[in-house]
Amino acid sequence: MNKLAVAGECWFDDACILDMDYFVKTLAGIKAKGVRPDLIGSIIAHYASKWLPDLTGDITEKGFSELENSPDNITASWMKKRFFVETLVGILPPERDSVPCNFLLRLLRIANMVGVEPTYRAELEKRVSWRLDQASLNELMIPSFSHTCSTLLDVELVMRLVKRFLNLDEASRSGAALVKVAKLVDCYLSEAAVDSSLSLSEFIDLAGALPSHARSTDDGLYRAIDTYLKAHLGVSKQERKALCRLIDSRKLSPEASYHAAQNERLPVRAVIQALFSEQTKLNRFIDWSGSFSGARSPNPGLDPSVRCLSKREVTAQQMEIRKLREDVIRLQSQCTCMQLQIERLAEKKKGFFRWKKLGVPSIKNLGIAGKMEEGGEAAAEVGYGRNTPVDMKSKLVRGRTPPRWRKSLS
């Protein structure tokens, strides 16, 4: 078996000649013999990695790196790479599963770097979108080679790939593939969010491109939003609210909910929603566990699926339920404290505007008014307010000294 593998590799090395025209003719003869498309794709990938080391990341391989050391200038070398990539795209098998997705992404990165024709770039993007669920994060992080793009990574390219993937028919795009793409996009957003040049609209467009049912959990999206808020300290309150609308607090794990409850970068509403959703999940789990432990068959001998729990299992369940109840009580107390703080802030604002509306000039006048009530006749010297007939009558009534004070004064 090893001899066959070595012989096959030697044949690949012999077939990987530098003359592209001869390779295309050889490959056409192989196709005419009815070879499987995946084998043809592997031949093309091996040939490309042999003469274009950028596809493997190994600069020690020979290929066009030798041409750059030749008397030809760099422009000629780039033109040869461009012709090489365009020829490879033209001879790719039409079947969707013939070429690996990561190889196509590396080829797309080089195509954007050397500036191939838009038709070849669109063909590569279409093939990558067919198998986007099999892409890796490292290969998807393609840098931006455009002078008009300010970001380090080509976010617009990933946006086009995701849209092409979503436009595929249901037969080509399964539910599991959609979940994998959602996880890939969340990881990509976490890496791209570090870039200070990434705008809020680009982040929201890419995060909101996927449907809500694509994410089984929003932990990855929450991590990406938190990273974006760390890298962009100048985000306004309204923009923070727009980012938090992308998160479904019901899909957060307990660890993410606990982190969100203590995250000062999130708006208060998002924190309260995370706390309430976690409290609701805990209450449902407690109710479910209580109903499960309380439900017993009236005749266990007739139900073979029901077994009696051991004492250790019952004790473990009781301890778990006790811990969950303590967590619920703690979350309720936190929610109550936050609601009290919000109500106090609202009352302070209302009180401030109420005194402003009544025309009270300052807090000092309030202290003078208090002294007027306690000082009796001394308040008349301050002269605060207008002397209406009702005020004069009240002053006369307050001015009368009780009998016991008369005796003491005499």
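Structure shown above.
As the structure is a prediction and not an experimental result, all values here were calculated from the model. (Residues numbered from 1 in each chain as written. Predicted model: local features only at pLDDT ≥ 70, side-chain atom pairs only at ≥ 80, totals over all residues. Heavy atoms only, no water.)

**Focus on the packing of aromatic side chains**
Formally: For this analysis, a ring pair means two rings from Phe, Tyr or Trp (six-membered ring only for Trp) whose centres lie within 6.5 Å, classed as stacked if their planes differ by under 30 degrees, edge-to-face if by over 60, and tilted for the remaining angles. The secondary structure listing takes helices from DSSP runs of H or I that are at least 4 residues long and strands from runs of E that are at least 2 residues long, numbered from the N terminus. Burial classes follow relative accessibility: with a 1.4 Å probe on protein chains only, a residue under 20% of its type's maximum area counts as buried, one over 50% as exposed, and anything between as partly exposed.
Under the criterion given, the structure shown has 3 aromatic pairs. Between the aromatic rings of Phe23 and Tyr47, the centroid separation amounts to 3.8 Å while the plane-to-plane angle is 5°, which identifies the pairing as stacked. Placement of Phe23 in helix H2 (residues 20–32) and of Tyr47 in helix H3 (residues 37–51) is noted, with a sequence separation of 24 residues between them. No difference in accessibility class separates Phe23 from Tyr47, as the two residues are buried. When the ring of Tyr47 is compared with that of Phe84, the centres are 5.8 Å apart and the planes differ by 25°; the resulting orientation is stacked. Here Tyr47 is found in helix H3, whereas its partner Phe84 is found in helix H5 (residues 74–90), with 37 residues between them in sequence. Take Phe84: its relative accessible area is 4%, and that puts it in the buried class. One aromatic cluster is present, built from ring pairs that chain together Phe23, Tyr47 and Phe84.

**Quick word on the pattern of salt bridges**
As a reminder of what qualifies: Every case where a carboxyl oxygen of Asp or Glu lies within 4 Å of a side-chain nitrogen of Lys or Arg is listed as a salt bridge.
A complete count under the given rule lists 14 salt bridges for this structure. Ionic pairing is found between Asp38 and Arg36, a salt bridge with its closest N-O pair at 3.2 Å. Between Arg127 and Glu123 there is a salt bridge, with its nearest N and O atoms 3.1 Å apart. Taken as a pair, Arg127 and Glu123 lie in helix H7 (residues 118–130) at a separation of 4 residues, close to a single helical turn. Accessibility expressed as a relative area gives 23% for Glu123, which makes it partly exposed.

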